[in-house]
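So you can see what is in the structure, the chains are spelled out below.
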Amino acid sequence: MRRTSGWIGWTLCLCASLTVSAQDYPEDDEMILDLIREDGTQPETGAEPAAEFLRCNKAAWRMPGQYLVILSPGTHESHVQRTIRRLTAKAARRGYLLEILQTYSGALHGFLVKMSSDVLHLAVKLPHVHYIEEDSSIFAQSAPWNLQRLLQPHGGPSENGTYRPPNDGGKAEVYLMDGSVQSSHREVEGRVLITDFNNVPEEDGVRVHRQASQCDSHGTHMAGVVSGSDSGVARGAGVNLVRVLNCQGKGTVSGALAGMEYIRAMLLARPVDAVVVLLPFVGGFSRSLNTVCRDMVANRAVVIAAAGNYRDDACLYSPASEPEVITVGAVNSADQLMSQGAGGTNFGRCIDLFAPGDDIVSASSDCSTCFTSRSGTSQAAAHVAGIAAVILSSNQNVSPVQVLQMMLHYSISNTINFLSLSDTHRLITPNLVAAMPPTNSTDGELLCRSVWSEKSGVTNTDRAISRCRLGEEMMSCNSYTPDGVHAGETITVNSGQMECFAYNGPGGKGVYAVARCCVISGLQCQVHASPEPGLDAECVSPQHHLTGCTSWSTAEISSNSRPHHGDRKRCVVKDGVTSHAVCCHAPSLECHLLENISADKDQVEVSCPSGWTLTDCSAVSQGSAILGPVAKGNSCRVRSATGADGAAGIAVCCRVRPPEQPATTPH
């Protein structure tokens, strides 16, 4: 029986930083800032300067009077309690009462307090307070029922084949942060554990109907997509519900933080080798929410988030904007961007991949045997959570970033039509649709992805920065500009992690830094700089392979260095140009150069053959400005600004040689 039901979907608050030095704010924001600036109270003796105050950048989603007070890194539970006592006493002396609603002692140390905004000027000046973030709303990401009715149903015959993944995901546990789940539904019966965690706000309005079928609808549908017996992706995976959304699909950032802390405590008390945390909601940008997600990944959980249903840049939302999270956009059955009336899937560089999210049939909470169709990036994220459970069940030793790299490697590429996006977003949004890895997939391949930075400003001193995720090695660093005006790129090492910097040139319109980030067992990379401008940068150890070159010059625009393999693995540069050679080693790693030269075309493409992986994409021109080499999958694309003199595309292709094969050169 299939019953179509409406779309109860909602979303989460979009939060942005509001600091004391900010400039343009509405009247209520200015009032709060004035209180903080002009109050005569001085920080306590030994205290640091006043803390930052952060607010959601979606005004309608803010929760005035409820604040997250986050202490500085390195503080402990005793500092939390001491800060609470100090704030309570200071507020009481001025006639204000406050209520402590929640304390945090996991990835963040701090507390959630209900108090008048008039007390903020006291809180920001307490010792150990790092920042204060106003609480805000989060929402489930399925399409609302009224919009669903207005949408044309998606036509086309459905496939009737048997679904047979490599395994049923039974060795993985999925923590679903959502509303309620009808655990007696035949799709998920025996698979869902309703935990004792419950942190949700009161429903809005006086006519809220709290029938179980309404409260359970989003969570039940999500659980069915993950592990339903007929509609699930990973039908053996266990689902643990952590309730952070109310009957309207609405929650709070503070509740999500408490839910993540609950999961963290559960995993510390009962360690699990294969853990997936599914976050089918979004809110405004929240530093706190992103921080706890990053901490969860550092503790080897695969964290998967919905991109959002706003037809907007996913980098403006949390947790979708957190780089360590796997952020999922939605496509329809034709592998095109999901659209919902005026809304639709989010996009941009913070998306990792897309997955089915339109007209998805799964368990309905109307009855224990009912099914319904829903759409949204929540559903897309649930598909990817199921794929992650299958990957982890095949190999419980893979890290979160290896799970991501395997997903990207086996995704279907270049099938999505991005014509509805701006030129910028077409360039930086990954054209990848998730697919189940084959049964014989291996973790012995070199897997790489491109990581785009935010676009830099337009002054001569502006720069952009790109970093790899925890567990990846940076095998090359490039820059891209839409007008060909840039000063090049450099690599620095910060706390043992390489950082790729790209520099805007005089009169340039901004530049992107693009890091090539890779994983394979035993991979270690080093960076070696030119001894001085005009001298080649080269790999010192004969065991290391040259996998990438950078070039930077203060005097010349877009002076590209050229990788050279041979007795001396080096980056060849012109006079006045500084280069960095990225030199990598792994057991049985081999690398070679491929070059494609065109004298009359404004675009050149060179691709690594099957079995080889692109680690660097560089360009050399005969005088025309290079817009920037772009790595797309396993291909290196180069375009010159004028096309008058042509250009050469140079790809560095690497692989881990199978034990039974001799060393070869790709063609």
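Our subject in this report is the structure included herewith.

Parameters and conventions
- Residues numbered from 1 in each chain as written.
- Predicted model: local features only at pLDDT ≥ 70, side-chain atom pairs only at ≥ 80, totals over all residues.
- Heavy atoms only, no water.
- Helix = DSSP H or I, 4+ residues; strand = E, 2+ residues; numbered from the N terminus.
- Buried < 20%, exposed > 50% of the residue type's maximum accessible area, 1.4 Å probe, protein only.
- Contact = heavy atoms within 4.5 Å.
- Areas by Shrake-Rupley, 256 points an atom, 1.4 Å probe, with all protein chains shown as cover.
- Phe/Tyr/Trp six-rings, centres within 6.5 Å; stacked < 30°, edge-to-face > 60°.
- Core = buried A, V, L, I, M, F, W, Y, C linked by side-chain atoms within 4.5 Å.
- Pairing = 2+ DSSP bridges.
- Axes fitted to C-alpha atoms, helices over the stretch in contact; angles between N-to-C directions.
- Parallel < 35°, antiparallel > 145°, perpendicular 65-115°, else oblique.
- Left-handed = near helix turned anticlockwise from the far one by under 90°.
- Nonpolar A, V, L, I, M, F, W, Y, C, P; charged D, E, K, R; others polar.

### Examining the overall build of the protein
(1) Moving on: Across its full length, the protein holds 11 helices and 40 strands.
(2) Moving on: For the protein, the proportion of its 667 residues judged to be buried stands at 57%.
(3) Moving on: Expressed as a percentage of contacts within the protein between residues at least 6 apart in sequence, the contacts between residues at least 24 apart total 77%.
(4) Moving on: Per element, the accessible surface of the protein, about 27200 Å² overall, is 49% carbon and sulfur.

### A look at the packing of aromatic side chains
(1) Moving on: Enumeration according to the criterion identifies 9 aromatic pairs in this entry.
(2) Moving on: Measuring from centroid to centroid gives 5.4 Å for Trp61 and Phe139, while their planes differ by 55°, and the two rings are tilted. Highlighted residues: Trp61 in the loop between strand 2 (52-56) and strand 3 (62-71) and Phe139 in strand 6 (residues 129-140), separated in sequence by 78 residues.
(3) Moving on: Since its relative accessible area comes to 6%, Phe139 is described here as buried.
(4) Moving on: The interplanar angle of 55° and the centroid separation of 6.0 Å between the aromatic rings of Tyr503 and Trp552 together place this pair among those described as tilted. Of this pair, Tyr503 sits in strand 27 (residues 497-504) while Trp552 sits in strand 31 (residues 545-552), placing them 49 residues apart in sequence.
(5) Moving on: Assessed through its relative accessible area of 18%, Tyr503 is described here as buried.
(6) Moving on: One aromatic cluster in this structure is built from Trp61, Phe139, Tyr310 and Tyr317.

### Observations concerning the nonpolar core
(1) Moving on: In terms of nonpolar packing, the biggest core is built from 53 residues, with Leu278, Ile304, Ile326, Val328 and Met407 touching the most fellow members.
(2) Moving on: Counting 36 residues, the second largest nonpolar core, distinct from the first, contains Leu54, Val242, Val303 and Val325.

### A short note on the environment of Val519
(1) Moving on: With respect to the element layout, Val519 can be found in strand 28 (residues 512-519).
(2) Moving on: Using a relative accessible area of 6% as the deciding quantity, one classes Val519 as buried.
(3) Moving on: Along the primary structure Val519 and Gly471 are separated by 48 residues, whereas in three dimensions their C-alpha atoms are 7.3 Å apart.
(4) Moving on: Not counting the four nearest positions on each side in its chain, Val519 is found in contact with Val401, Gln402, Gln405, Glu445, Leu446, Leu447, Gly471 and Glu472.

### Notes on the pairing of strand 25 (residues 473-480)
(1) Moving on: Summarising burial for strand 25: 7 of the 8 residues are buried, a large majority.
(2) Moving on: As judged from the 7 bridges shared by strand 25 and strand 28, these two strands associate in the antiparallel manner. Within strand 28, the position partnered with Ser479 by the bridge is Ala513.

### Description of the sheet that holds strand 36 (residues 603-607)
(1) Moving on: Judged by pairing direction, the sheet is antiparallel, and its 3 strands sit side by side in the order 36-39-38 without closing on themselves. Taken across any chain shown, the strands that pair with only one partner, and hence form the sheet edges, are strand 36 and strand 38 (630-632). Across this sheet, the average inter-strand angle for adjacent strands is 25°, counted without regard to direction.

### Quick notes on the packing of helix 7 (residues 253-269) against helix 8 (residues 287-298)
(1) Moving on: Their axes nearest at 10 Å, the elements helix 7 and helix 8 cross at an angle of 15°. As far as their axial angle goes, helix 8 and helix 7 are roughly parallel. Taken as a pair, helix 7 and helix 8 cross one another with a handedness that is left-handed. Of the residues in helix 8, those touching helix 7 at Val253, Ala256, Leu257, Met260, Ile263, Arg264 and Leu267 are Ser288, Leu289, Val292, Cys293, Asp295 and Met296.
(2) Moving on: Class assignment for the residues of the contact of helix 7 with helix 8 results in 10 nonpolar, 1 polar and 2 charged.

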